[in-house]
Amino acid sequence: MRHEYRPPRRRHRLTRRGRLALFLGMLLVIGTAVTLGPLLRDEEEEPPEQPRALVIPEGWRAPQVYAAIDRELKLPAGSAKAAAVTAQLALPAEAKGNPEGFLFPASYPVTSRTTAAELLAYMVRTANAKLGTRVVADGAKAHGMTPYQTATLASIVEAEADTRTDMGKVARVVHNRLARSMPLQMDSTINYALNRRTVDTKISDTRIDHPFNTYRRQGLPPTPIDSPGLQAMAAAVAPTPGDWLYFVTVKPGDTRFSATYEEHKRHVADFNRARAAAAAAAGPVR
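Chemist: In this structure, what is going on with the overall build of the protein chain? I would like to understand it.
Modeler: Counting its regular elements, the protein chain contains 10 helices and four strands. Listing the helices and strands of the protein chain from first to last along the sequence gives α-β-α-α-β-α-α-α-α-α-α-β-β-α. Expressed as a percentage of its 286 residues, the buried residues of the protein chain come to 37%. When contacts within the protein chain are restricted to residue pairs at least 6 apart in sequence, long-range pairs at least 24 apart make up 64% of them. Carbon and sulfur atoms make up 55% of the accessible area of the protein chain, which totals about 18,200 Å².

Next up, the structure:
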């Protein structure tokens, strides 16, 4: 075997400057790890944002819902109303783009990333899911109505009924009047036309020329007048059996239904006496 001469390998030694550079480099790496470590851990461990609840009660009108959305999302006034125009909401064709009655009353989760358009779309989807059931469709058909007309009737029930137990009777009055081609004469529709809420309707109010004046115009108003809940919808499709054509709430918890106008006049007289007594007890307005 032939042996070849190989020179010994030369060991490379770091100079003092090289050792210093290596030491500083190690310190830089360690320092960066120490600095970034807590930041990365904080980012990983930061809990997700807990949604807060926006509650929309039964019977709210669209302007009330818009105002609540603006407040909750800290938006300028009018932002939600403007979003309703451009959000392409999944409304029935009969609504003609008006979401009144389809901003479903419920509790909705809201975070800092929620937009007005998203929230409105969520409300309309919920309304379609809750109100667009086979039960509602069949009930509407049984009364010769569309589901949209049934939602309109339910919104009147929501506004007029003093208690939940009265809803079925109020719905029956509306159905009975429609069946007899009688004007509905509902104060709630006058209040909607005048953008107010009151139990005091004057004769002059009933003479206004407005599509929602059911004293002068026959049939249902052109759109819902508020956001009805499930109980009002149930009453609209399955009203309590009865022959009532009139009702008046004499005092809270005391709504009286009647089939004749003579009986209704007696109940109205009781209402007026109760109002006068309450006003006298309250004393003069200062």
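Chemist: Just to check I follow, could you spell out the environment of Thr-163 for this structure?
Modeler: Within the secondary structure, Thr-163 sits in the loop between helix H6 (147-160) and helix H7 (167-179). Judged by its relative accessible area of 27%, Thr-163 falls in the partly exposed class. A polar side-chain atom of Thr-163 sits 3.0 Å from a polar atom in the side chain of Thr-165.

Chemist: Would you take a moment to explain the packing of H6 against H7 for this structure?
Modeler: Two numbers describe how H6 lies on H7: the axes approach to 9 Å, and their chain directions differ by 130 degrees. Comparing their axes, H7 and H6 come out oblique. H6 and H7 meet at a crossing whose hand is right-handed. On H7, the residues that touch Leu-153, Ile-156, Val-157, Glu-158 and Glu-160 of H6 are Met-167, Val-170, Ala-171, Val-174, His-175 and Leu-178.

Chemist: For this particular structure, what's the right way to read the side chain of Thr-206?
Modeler: Here Thr-206 is to be found in the loop between helix H8 (187-193) and helix H9 (230-237). Residues within four places of Thr-206 in sequence aside, it is in contact with Ile-190, Thr-201, Asn-213, Tyr-215 and Arg-216.

Chemist: Teacher, can you tell me more about the pairing of strand E4 (residues 254-258) here?
Modeler: Every regular strand shows the same layout, with side chains that alternate between the two sheet faces. The element E4 is extensively covered by neighbouring structure, given that four of its five residues are classed as buried. Bridge count between strand E3 (residues 246-251) and E4: five bridges; the pairing is antiparallel. By the bridge assignment, Thr-249 is partnered in E4 with Thr-255. Joining the antiparallel neighbours E3 and E4 is a turn of two residues, in which Gly-253 adopts a positive phi near 85 degrees.

Chemist: Sorry, what's going on with the side chain of Glu-158 here?
Modeler: Looking at the secondary structure, you find Glu-158 in helix H6. In terms of polar contacts, Glu-158 uses its side chain to reach the backbone amide nitrogen of Gly-229, at 2.9 Å. Those residues within four positions of Glu-158 in sequence are excluded, and the remaining contacts are Glu-58, Gly-59, Arg-164, Met-167, Asp-226, Ser-227, Pro-228, Gly-229 and Ala-232.

Chemist: What exactly am I supposed to notice about unusual backbone geometry here?
Modeler: Residues other than glycine predominantly adopt negative phi, and peptide bonds predominantly adopt the trans conformation. A positive phi angle is found at Lys-74, which is not glycine, with a value near 55 degrees. Along the chain, the position of Lys-74 falls in the loop between helix H2 (62-72) and helix H3 (79-86). Despite not being glycine, Ser-181 has its phi angle at roughly 60 degrees, a positive value. Following the sequence through the fold, Ser-181 ends up in the loop between H7 and H8. Residue Ser-181 is classed as exposed on the basis of its relative accessible area of 54%.

Chemist: Explain the pattern of salt bridges here, please?
Modeler: Where charged atoms of side chains with opposite charge meet at close range, the side chains can pair. Enumeration according to the criterion identifies 10 salt bridges in this entry. In this structure, the salt-bridge partner of Arg-256 is Asp-270, at a minimum N-O distance of 2.6 Å. A residue pair is termed long-range when its members are at least 10 positions apart, and Arg-256 in strand E4 and Asp-270 in helix H10 (residues 261-282) qualify at 14 residues. Looking at Arg-256, the relative accessible area reads 24%, which means it is partly exposed. One salt bridge connects Glu-262 with Lys-265, and the closest N-O pair in it is separated by 3.4 Å. Of this pair, Glu-262 and Lys-265 both sit in helix H10, three residues apart, which is roughly one turn of that helix.

Chemist: What exactly am I supposed to notice about the nonpolar core here?
Modeler: For soluble globular proteins, nonpolar side chains are generally found buried alongside one another. Residues Leu-54, Ile-69, Leu-103, Leu-120, Met-123 and Val-157 are the most contacted members of the largest nonpolar core, which totals 56 residues. It is helix H4 (residues 116-131) that contributes the most residues to this core, eight residues altogether. Here Val-157 is in contact with Met-167, Val-170, Ala-171, Ala-232 and Ala-235, once residues within four sequence places are set aside.

What counts and how
Residue indices follow the written sequence of each chain, beginning from 1 at its first position. Totals for whole chains, interfaces and linings use all residues, but because this is a predicted model, local features are given only for residues with pLDDT of at least 70 and pairs of side-chain atoms are given and counted only at 80 or more. In computing side-chain properties, one takes all heavy atoms of the structure into account and sets aside hydrogens as well as water. In DSSP terms, a helix is any run of H or I states spanning at least four residues, a strand is any run of E spanning at least two, and both are numbered starting from the N terminus. Buried, partly exposed and exposed residues are distinguished by accessible area as a fraction of the type maximum, computed with a 1.4 Å probe on protein chains only: under 20%, between the cut-offs, and over 50%, respectively. Contacts between residues were defined by any pair of non-hydrogen atoms, one from each residue, lying within 4.5 Å. What sets the accessible areas is the Shrake-Rupley method with a 1.4 Å probe; for residues, cover comes only from the shown protein chains. Pairs of N or O atoms are called polar contacts if they sit within 3.5 Å, as long as, within protein, a hydrogen donor faces a hydrogen acceptor (for residues adjacent in sequence, only side-chain-to-side-chain pairs). Axis lines are fitted through C-alpha atoms, for helices just across the contact stretch, and the angle between N-to-C directions can take any value from 0 to 180 degrees. An angle below 35 degrees is read as roughly parallel, one above 145 as roughly antiparallel, one from 65 to 115 as roughly perpendicular, and any other as oblique. Left-handed is the label given to a crossing in which the near helix is rotated counterclockwise from the far helix by less than a right angle, and right-handed is the label when the rotation is clockwise. Strand pairing is defined by DSSP finding a minimum of two bridges between the two strands. Throughout this description, the term salt bridge denotes a Lys or Arg side-chain nitrogen within 4 Å of a carboxyl oxygen of Asp or Glu. Side-chain atoms within 4.5 Å are what join buried Ala, Val, Leu, Ile, Met, Phe, Trp, Tyr and Cys residues into a set we call a nonpolar core.

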